[in-house]
Every structure is written in C-alpha cells, then in structure tokens.
Amino acid sequence: MKDLLTKDISRVWYNGQYYEKIYKGNKLIWPPNYLRHESIEYTFNENTGEFIVVQDAGFVEYLLENTTIYLSKCIENGNPVVIPLLSEPNYDTGGMLYTSDKLGLGSDTRQVHYKIDGSKSIYTTQSHIDFLTQIPTIYFRSKEVGAGLYDINFSTYPFEGCHEVFGPERLIGLFSGESWEGKWYSDVNTMYGFKPTFSQCREHVANKGKGWYGAYSEEIGVLMMLAMFKSGVNGRCLTYDYAPFGVANPFCNGGGGRNYMPNIEIDPVTNMATVRHLDGNIEYLEVPYIWSQSFSKLYWGEYLTIMPKESGSGIYKTNNECWMGNHKGTSLYLASGENKWAIAGDRDDSDVTGMQDQLRIRACYHGEYTITNDIAYFESLPIL
C-alpha cells in the first residue's frame, strides 16, 4: 500500500494466521481485518433500530475499568490539578456511578468522595468547580454501507481509516456547566434565569485558560452511539440520570438547558452546516427545513454527527420533534425529556431572548495536567 512502511517487529497470531504490524510513519496501523481484545464491531440499522454484533472483545468493559473521574482546579499557569474521585462502573449500561447511595453518598446533596481513602469531599456537584473524566483513547470508524445501514468499529488501538477521540491528554466535562465570575465551570447547573449567548459561552470557556474548549460533536456522538448500543436507541441514554463513562446526561437536558457544540455552525440562508472536527477536517452537511415535525434519519456519517438528515417518522421516539432551518441558526443543540428525542438549531446572539432555556456547554481540557492524591493540598488550592 502506498505510503505504508511495514515493520516485522513481532507478528501476531489471529484467527488461524499471522498478521504483521503496519506503520504509517511512526503511527501503528493494524490491518483492516485484524481485531484483538478491547475492540467491538457491529452494524447499526437506522431503519429498524437494530444492532447486530460482529465481534465484542471487551471494549466497553476495558474503558470502564480504565476511566477516572476527577475534581479539577487550575493553578496560576493555567494547567489543571486533578484529584480522582471514588466511582464504580455499571457494566450493564456503560455508565459510571460516583454520587450513588451504594457508595454511601447522599443522592440529595450530590456529595462525592475521594478515591484515595473514600473520605467525603468538601465539594458537591453544585460547587463552582470542574468535574472532569479521563476516558481512554477511542479509535472509531463509521461507514454507511447501505441506506441507513452503518458498519461501526471501536477499539483502543489505531487502525486504518479510524478517527480518534478522548485519551490521556483530554479531560471531558461531566456536567453541562455554569458561568461564574467570567469563567465556565463544569458543575451540574447553569445559573437559574441566566441565558448566555454563544459569544458569552465561547468567552467564558476561553477565559479558563489555554487548552480549554467546548465538547465537540464527535465526542458527544461517540458517547451517544455507545450508549445506544448498550441500552437501545430509545433506552436509558435519554434519561436524566444516565452518565456514560461518568459524562452526565450529555444528550438529555429536558427543560433545564440546551447543549451547545461550538464546532457546528449553520448558515441560516443556505441551511448548510459547517462541522469542524478534532482532526482538522471539515464536513459540510445540508440541514433540512423541519419545524416542529418528526425526523426519520440522522447524518451520523463517519464522524457520528447527530444532525437531522430527513423528516418523517422513524426509530427515534417518542416525541422526536425537530426545529431546523427556519431561523438564524448558528449551532446545534439536543434537548429532550425522558425517552424523547428533540433536535434544534440555536439562535444567534441578537435573538437570545427567543431561547426558552439556558444555553449549556461542556468545558473540556486538552493538554498537560497534574494528578494529585493529596487531599489537603487540593482543597487548599483557590478556585481560579
């Protein structure tokens, strides 16, 4: 293959034959048909909602066992200092428990405990502080092979044609976020009655320091696709308490807020969506004109973009309303009640009063950070 340098470092035995490790430059690219442990392959039928497993080699289980939930504070140079929280994976759903009664935590106060000794933190999920999760690197490939039929691969190692999300250098915001003193913190609520504009969201996250950004559509899309695989298209992933890998209800905010993904912009004149991805690639998708109607298909595509593709009845239940293309859309949000899909284009800053609810954004971090197990030191740090 052009531009591929084959190195016979150590051949691997799989399914009755040897495979050689293949590199492109210095990056390992496994053979396209080679699947080892910590991977999963399935087909998703968007016409029926069915998932057909080709191979499941412990992928979700590995991620759960190697995911860590942190409290985080920034220090003077802008880098975060994080401390791990006590958490427990739910292998049935792919969720992560960290404020449950089973761990001795009060469900009303939403108290959390430190992993180092199980002691109760002085911070709750209502505090002005960052709650972040570190999910192992996920490599994925999604390819539409028929009308509404997708071949989907996930693994913990790179393979040909894959895209990359999460990883050790990325910390993903658990909660929708809140504005406080000009910065946006990933705690549970947006300020009651506060209706931020797009410009304010971008500014607040940028003011946290270098490396901070709002969660991208493929990060949310990967979580959604894995959640649907575990619990069904209309399953627990659309309930308020669902937290895949600790990322609390990234799809369902009901009447309490709208998730804003800043890498998507929609031209209100042409109805063309520009989607900028983590790898620098740009997609251009035509957004259909749908107003208070059902939608039957999502784009998904190779980046798992949750964008309405066609109107009409489909598998997305039960009140799958869509508001796209009629107004000054500049981004995209998901808004839903329990087990209900709803997708809409947001308003621009001049029409912020037209939004029914608070605009939310997930504060994420990419770069260097310090892990500490010293509780006294962490709690002594100011919240900058």
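This report concerns the structure included in the present document. (Residues numbered from 1 in each chain as written. Predicted model: local features only at pLDDT ≥ 70, side-chain atom pairs only at ≥ 80, totals over all residues. Heavy atoms only, no water.)

1. What about the sheet that holds strand 27 (residues 305–311)?
The line we're drawing: Paired strands are those between which DSSP finds at least two bridges. Secondary structure is summarised from DSSP: a helix means a run of H or I of at least four residues, a strand means a run of E of at least two, and numbering begins at the N terminus for each. Every angle, taken between N-to-C directions, lies between 0 and 180 degrees, and every axis is a line fitted to C-alpha atoms, over only the stretch in contact when it is a helix.
Taking strand neighbours across the sheet as the criterion, the five strands line up as 27-26-28-30-29 in an open arrangement whose pairing is mixed. Two strands lie at the open edges of the sheet, namely strand 27 and strand 29 (332–334), each paired on one side alone. Pairwise comparison of adjacent strand axes, ignoring direction, gives a mean angle of 45° for this sheet. One ladder, built from three bridges, connects strand 29 with strand 30 (residues 342–345); its direction is antiparallel.

2. What about the pattern of salt bridges?
Using the following cut-off: The salt bridge definition used is simple: a Lys or Arg side-chain nitrogen within 4 Å of an Asp or Glu carboxyl oxygen. Note on exposure labels: buried denotes an accessible area under 20% of the residue type's maximum, exposed denotes more than 50%, and partly exposed covers the range between, all computed with a 1.4 Å probe on protein chains only.
In total, this model carries four salt bridges according to the counting rule given. Between Lys 309 and Glu 144 there is a salt bridge, with its nearest N and O atoms 3.6 Å apart. Residue Lys 309 is located in strand 27, and its partner Glu 144 is located in strand 15 (residues 138–146); the two are separated by 165 residues in the primary sequence. Judged by relative accessible area, which is 29%, Lys 309 ranks as partly exposed. Judged by its relative accessible area of 35%, Glu 144 falls in the partly exposed class. Among the salt bridges present, the one from Arg 276 reaches Glu 265, with a minimum N-O distance of 4.0 Å. In this pair, Arg 276 sits in strand 24 (residues 272–276) while Glu 265 sits in strand 23 (residues 264–266), placing the two residues eleven residues apart along the sequence. Residue Arg 276 is classed as partly exposed on the basis of its relative accessible area of 39%. Taking relative accessible area as the criterion, Glu 265 reaches 35% and is therefore assigned partly exposed. Residues participating in the shared-partner salt-bridge network are Arg 202, Glu 265 and Arg 276.

3. Points about the packing of aromatic side chains
Just so we agree on the cut-off: For Phe, Tyr and Trp, where Trp contributes only its six-membered ring, two rings pair if their centres lie within 6.5 Å, and the inter-plane angle classes them as stacked under 30 degrees, edge-to-face over 60, or tilted in between. Charge-over-ring placement is defined geometrically: NZ (Lys) or CZ (Arg) within 6 Å of the ring centre, and within 35 degrees of the ring normal.
The final tally for this structure, using the stated rule, is 19 aromatic pairs. Relative to Tyr 216, the ring of Tyr 213 has its centre 5.8 Å away and its plane inclined at 75°; by these criteria the two rings are edge-to-face. The class of Tyr 216 is partly exposed, set by a relative accessible area of 22%. An aromatic cluster of at least three residues, connected via ring pairs, comprises Tyr 42, Phe 44, Phe 51, Phe 59, Phe 140, Tyr 150, Phe 154, Phe 229 and Trp 300. It is Lys 73 that lies over the ring of Phe 378; its NZ or CZ is 5.0 Å from the centre. The ring centre of Tyr 185 lies 4.0 Å from the NZ or CZ of Lys 208, which sits over that ring.

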